[in-house]
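# Structure assessment
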Amino acid sequence: MKTRLLGVLAAGALLGATLTTVTLAQDRQRSFDDQAGDGPMRGMNAPLREKVRGRLRGGDADAQAARFITRFDTDADGRVSSMEFVDVRVQNVDQYFERRDADGDGRISSVEYATPRTRPDRGTRPQRAAIDDEALAECVRGTIDDFEARRALNPEEAFAAIDADADGALSLQEMSAAFSARAQAQFTRLDADADGYVTAGDVEVQQDEARELRRAARACLREQRAG
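In short, a report on the structure. If you're wondering where the values come from, they're calculated on a predicted model, not measured in any experiment.

Helix and strand counts for the protein chain come out as twelve helices and six strands. Burial analysis of the protein chain (227 residues in total) assigns 37% to the buried set. Put simply, 68% of the contacts in the protein chain that link residues at least 6 apart link residues at least 24 apart. Element-wise, carbon and sulfur atoms account for 50% of the exposed surface of the protein chain, whose accessible area totals about 13200 Å².

Going through the model one piece at a time under the given rule, you end up with one disulfide. Note that Cys139 is cross-linked by a disulfide to Cys220, the S-S spacing being 2.1 Å. With the S-S bond torsion at -80°, the cross-link from Cys139 to Cys220 turns out left-handed. Taken together, the positions of Cys139 in helix α9 (residues 133-141) and Cys220 in helix α12 (residues 200-226) put the pair 81 residues apart, joining distant regions of the chain.

Looking now at the nonpolar core. Counting residues in hydrophobic clusters, the biggest one holds 27 residues, and the most contacted among them are Phe68, Val80, Phe85, Tyr113, Leu170, Met175 and Val198. Among the elements of the structure, α5 (61-72), α6 (82-89), α7 (93-100), α10 (155-162) and α11 (172-190) are those that each provide at least two residues to this core. The element contributing the most residues to this core is α11, with six residues. Beyond its immediate stretch of four places on either side in the chain, Val198 contacts Phe68, Ile69, Arg79, Val80, Phe187, Leu190, Asp191 and Val203. Formed by ten residues, the second largest nonpolar core is a distinct cluster that contains Leu213, Ala216, Ala217 and Leu221.

So, about unusual backbone geometry. Backbone geometry places Ala76, a non-glycine residue, at a positive phi of 55°. On the basis of relative accessibility, which here comes to 66%, the residue Ala76 falls in the exposed class. Positive phi, close to 55°, is recorded for Ala166, a residue that is not glycine. Tracing the chain through its elements places Ala166 in the loop between α10 and β5 (169-170). On the basis of relative accessibility, which here comes to 63%, the residue Ala166 falls in the exposed class.

A side chain with one charge can pair with a side chain of the opposite charge if their charged atoms come near. As enumerated under the stated definition, the model contains four salt bridges in all. A salt bridge links Asp167 to Arg107; the shortest N-O distance between them is 3.4 Å. Highlighted residues: Asp167 in the loop between α10 and β5 and Arg107 in the loop between α7 and β3 (108-109), separated in sequence by 60 residues.

With that settled, consider the packing of aromatic side chains. Any aromatic ring pair is given by two values, namely how distant the centres are and how the planes are angled relative to each other. Overall, the coordinates contain six aromatic pairs when judged by the stated rule. Between Phe68 and Phe72, the aromatic rings sit 4.7 Å apart at their centres with planes inclined by 40°, giving tilted as the arrangement. Here Phe68 and its partner Phe72 are both found in helix α5, four residues apart, which amounts to about one turn of the helix. Ring geometry for Phe68 and Phe85: centres 6.2 Å apart, planes at 35°, overall tilted. Of the two residues, Phe68 sits in helix α5 while Phe85 sits in helix α6, which places them 17 residues apart along the sequence. Residue Phe68 shares its accessibility class with Phe85, and that shared class is buried. Through successive ring pairs, a cluster of aromatic residues spans Phe68, Phe72, Phe85 and Phe187.

Our focus in this paragraph is the packing of α9 against α12. It is at 9 Å that the axes of α9 and α12 come closest, and there the two elements cross at 130°. As far as their axial angle goes, α12 and α9 are oblique. Here α9 runs over α12; the crossing is right-handed. Of the residues in α12, those touching α9 at Ala135, Leu136, Cys139 and Val140 are Leu213, Ala216, Ala217, Cys220, Leu221, Glu223 and Gln224. Broken down by class, the residue content of the contact of α9 with α12 amounts to nine nonpolar, one polar and one charged.

Criteria and thresholds
Residues numbered from 1 in each chain as written. Predicted model: local features only at pLDDT ≥ 70, side-chain atom pairs only at ≥ 80, totals over all residues. Heavy atoms only, no water. Helix = DSSP H or I, 4+ residues; strand = E, 2+ residues; numbered from the N terminus. Buried < 20%, exposed > 50% of the residue type's maximum accessible area, 1.4 Å probe, protein only. Contact = heavy atoms within 4.5 Å. Areas by Shrake-Rupley, 256 points an atom, 1.4 Å probe, with all protein chains shown as cover. Disulfide = S-S within 2.5 Å. Core = buried A, V, L, I, M, F, W, Y, C linked by side-chain atoms within 4.5 Å. Salt bridge = Lys/Arg side-chain N within 4 Å of Asp/Glu carboxyl O. Phe/Tyr/Trp six-rings, centres within 6.5 Å; stacked < 30°, edge-to-face > 60°. Axes fitted to C-alpha atoms, helices over the stretch in contact; angles between N-to-C directions. Parallel < 35°, antiparallel > 145°, perpendicular 65-115°, else oblique. Left-handed = near helix turned anticlockwise from the far one by under 90°. Nonpolar A, V, L, I, M, F, W, Y, C, P; charged D, E, K, R; others polar.

Here's what the structure looks like:
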C-alpha cells in the first residue's frame, strides 16, 4: 500500500499545495462535514438528511469514479494514462498565469505570487487558528500506520522551487512545468497498482483511503483544539 500523505498547513502556493495534497480525490471532493456543517442539518428528518447528504457528496463512490474517468479519459478506452491526465490538468495554466500576473508584464513576481487571490464575489479567506503540525501528524500516525506528513512550503520556498532559472520571476514556461510536475505526482498517487493507468478501481481505492485519513485528521484536530 502506498504511503498516505496529509497536508497539515495550507501553503497558499501552487507547489506548496502540490506537496501537501493527500490525493486527487481530496482536491476534487470536500467532505460532507465541511460542506454541510452542523447548522443546516439541524431539524431535518432522517430521509431528508440522507437526501441532502447524497447531494452534497455528489453521489456514491462509483459515480464519482465514473465522472473522473469521463473527465480525463480523452481516448475513451476506459482508463486514464499519465499523458491524458497531465494534459487535462495543465490546460488551464494560461488562465492561472494571467490571474497571478497582476501587472500584465508576462512575468509573475514574488510579490504577485504571494498575494492572496480573490474572486469578484469573494474576499480573501479568513485566517485559521494556528495548528501544531508536528502534534497533528503524530496523532494521525497513531491511527494510520503508513501515514507520512510532508512539510508545507511557505510562499518564498514554493516560488523558488518553480523559478528554475532563479531570475526572480516566473515565466509561463516555468509555471507550465510546475503544473505538469504537480499533475504527474497526483497521477502517481492515484495509480494504486502502478500499472501506468488510472482506472475507476484505482480512484475508488484512493477515495477510501482519503476518507479514512480525513476522519483521523479531523479527530486529531478536534482533540488539539480542545486542548
